[in-house]
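Commentary on secondary and tertiary structure
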Amino acid sequence: MTTTLITGGTVVSATGRGLADVLVDGEKIAAVLEPGSQLLGSDLTRAVDTVIDATGKYVIPGGVDAHTHMEMPFGGTFASDTFETGTRAAAWGGTTSIVDFVVQYPDQNILDQHQLWQEKAAGACAIDYGFHQILSDVQSSSLTAMDELVAEGVTSFKLFTAYKGVFLSDDGQIFRAFQKGAENGAMMMMHAENGSIIDVLQQQALEAGHTSPEWHGLTRPWQTEEEATHRVISIADLTGAPLYVVHVSAKQAVEQIAAARDRGMNVFGETCPQYLYLSLEEHLAAKSAEWGDFEGAKYVCSTPIRSREHGHQDAMWQSLRTNDIQMVSTDHCPFCMKEQKELGRDSFAKIPNGMGSVENRMDLMYQGVVDGRITLERWVEITSTTPARMFGMYGRKGVIQPGADADIVVYDPKGHTSIGVGGAHHMNLDYSAWEGFEIDGHVDVVLSRGSVVVDESGYVGRAGHGRYIKRGLSQYLS
Ligand code: URP
Ligand code: ZN
Ligand code: ZN
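Residues numbered from 1 in each chain as written. Chains lettered and ligands numbered in written order. Predicted model: local features only at pLDDT ≥ 70, side-chain atom pairs only at ≥ 80, totals over all residues. Heavy atoms only, no water.

Some points on helix α12 (residues 312–322)
Selection criterion: We call a residue buried when its accessible area falls under 20% of the maximum for its residue type, exposed when it is over 50%, and partly exposed in between, using a 1.4 Å probe and counting protein chains only. Elements are defined by DSSP. Helices are runs of H or I of four residues or more, strands are runs of E of two residues or more, and each kind is numbered from the N terminus.
All of the buried residues along α12 are H312, Q313, A315, M316, W317, S319 and L320. Phi turns positive one or two residues past the end of α12, at N323, with a value near 70°.

Structure below.
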């Protein structure tokens, strides 16, 4: 077994920071030591196989991205990152675990789908991975199968109040699934938008001749997110199931979540970098020489990136500070402009929904530290520690302590990262939604279960290194 000592760095956790050396033995963290510690009277640096000098740098637990869609069949095509390319890009960006979504379309069997996703990921992943399960129609057999999946480590289920005819479940179906969640302890995840109203607004916009991407945002107003968020909170309240609202983008949806939390409910929310940094005006409505007014297709995702007018972006940052929103995932669901986003050239409603950011999340959120939006400790908490706790991985993931998996990032606050295709990103994507973003920091070294997967020479990991994470129930419930 290989031993590694990471010396001289500032170890940052969700609760504090301090100078320490980190000793890695095989796949696990063996000790967090005072800098320059001796072992049996001799210098530890001589006793180990490898020394990583982290002087002047931060040593943090590897990022946990709890919302990705590798090679997801969606919008008439497939998300362009495979488990192999997507997890490699994640590693480049300091993320060492993902939780991806197994897809169920109506009439499909969720256990068969789970098996299919296990086969897709096995042997392909550069980092560790777990699964949530999507429920589209809630068959009685699915309710029984939910218990089996929980025992297999799939302890969270996502349902939708949008995408009619694709994923949308009606309130009764959601209610039944939540009753099961209340019984077996699974986290119920909701995509909260009022799909019926959105369908009418889309139809009316198209009839009026509005086809450009900007209308994706204009036909999904914040009220549709607020209403659906309120509704699913009521269903959680009625059933007693824990609720996690995914990709929250509207200030008013946060208010619903905050009010439920103030009442003592186990209601949680995630946001994504796109809702913190991007806007309808500057991005969805953008024009370019290459794409004209189709430029905005790069930013089509749901919930949509929102108008600056109502201050949604500042409100989302604020919610991260106040813990009304607990964590940041990417909702990584990339589609290339050529041949994929292009499917919606004539109608914004046909643009495949999703953006790619799995490589950029740690950097984008670190910039929030530099800009004074969040503290260094909160950065670690919302990108690693809380996702691990929220989804039953804490102790192995999300923390630097003896016994934890040695998923570690050495982050250089004096380094610099230029994001985008110009900065040569590693996602299988022909554009970057983050083109031109400059980050005052850099992912220097990444370890996944004790193996260096990224260092100064670049990616040195391998497909198949990543293992399935059999998750427990959420460790975040009150
Ligand atoms: O636009 C998005 N979010 N695409 C991925 C599917 C989902 O709803 O999370
Ligand atoms: Zn969703
Ligand atoms: Zn998603």
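Points about helix α6 (residues 195–207)
Basically, it comes down to this: The span you would expect from a helix comes to 1.5 Å times its residue count less one. In this context, the arc is that of the directions from the helix axis out to the C-beta atoms. Contacts were defined at the residue level, with two residues in contact if any of their heavy atoms lie within 4.5 Å. In the analysis that follows, any N or O atom pair within 3.5 Å is treated as a polar contact, provided that within protein one partner can donate a hydrogen and the other can accept it, and provided that, for residues neighboring in sequence, both atoms belong to side chains.
End to end, α6 covers 18 Å across 13 residues, agreeing with the expected 18 Å (1.5 Å per residue, within 8%). All of the buried residues in α6 are G195, I198, Q202 and A205. All buried residues of α6 project into a common sector of 85° when viewed along the axis, lining one side. Next to the buried residues of α6 lie α7 (214–218) and α8 (222–239). The backbone nitrogen of S196 has a side-chain oxygen 3.2 Å away, supplied by the residue at the start of α6, namely N194.

Let's talk about the coordination of the zinc ion (ligand 2)
Each pair of donors in an ideal octahedron of six around a metal sits at 90 or 180 degrees, and each pair in an ideal tetrahedron of four sits at 109.5 degrees. This is how the line gets drawn: Each metal's donors are the N, O and S atoms within 2.8 Å of it, or within 3.2 Å when it is Na, K or Ca, and because water is not part of the set, sites may look incomplete.
Here the zinc ion (ligand 2) is held by the protein donor atoms K158 (NZ), H191 (ND1) and H247 (NE2), which lie 2.1 to 2.2 Å from it. Taken in sequence order, the residues that donate to the zinc ion (ligand 2) follow the motif K-x32-H-x55-H. The distance between the zinc ion (ligand 2) and the zinc ion (ligand 3) comes to 4.1 Å. Taken as a pair, K158 in strand β13 (residues 156–160) and H191 in strand β14 (residues 187–191) lie far apart in primary sequence, 33 residues in all. In this structure K158 comes out as buried when scored by relative accessible area, which is 2%.

Considerations on the pattern of salt bridges
Spelled out, the test is: When a carboxyl oxygen of Asp or Glu lies within 4 Å of a side-chain nitrogen of Lys or Arg, that pair is called a salt bridge.
In the structure shown here, the tally under the stated rule is 21 salt bridges. Here E27 ties to R449 by a salt bridge, and the two come within 3.2 Å at their closest N and O atoms. With E27 in the loop between β2 (17–25) and β3 (28–33) and R449 in the loop between β21 (442–448) and β22 (451–455), this residue pair connects regions lying 422 residues apart in the sequence. Here E27 falls in the partly exposed class, since its relative accessible area comes to 28%. We note a salt bridge from D147 to K180, for which the minimum N-O separation is 2.9 Å. Here D147 is found in helix α4 (residues 140–151), whereas its partner K180 is found in helix α5 (residues 171–184), with 33 residues between them in sequence.

Focus: the site of ligand 1
Note the threshold: When at least one non-hydrogen atom of a residue lies within 4 Å of a molecule or strand, that residue is treated as near it.
Around ligand 1 sit 14 residues in total, of which K158, H191, S302, D331 and N353 are the nearest. D331 is positioned with one of its side-chain polar atoms (N or O) 2.6 Å from a nitrogen atom of ligand 1. One of the backbone nitrogen or oxygen atoms of G354 is found 3.5 Å away from an oxygen atom of ligand 1.

A few points about the coordination of the zinc ion (ligand 3)
Note the cut-off: A site with four donors is called tetrahedral when every donor-metal-donor angle falls between 85 and 135 degrees; four donors are called square planar, and six octahedral, when opposite donors sit more than 155 degrees apart and all other angles fall between 65 and 115; any other arrangement is irregular.
Protein-derived ligands of the zinc ion (ligand 3) are H67 (NE2), H69 (NE2) and D331 (OD), with the metal-ligand distances lying across 1.9 to 2.1 Å. Around the zinc ion (ligand 3), the four donor atoms are arranged such that angles at the metal cover 87 to 133°; this shape is classified as tetrahedral.

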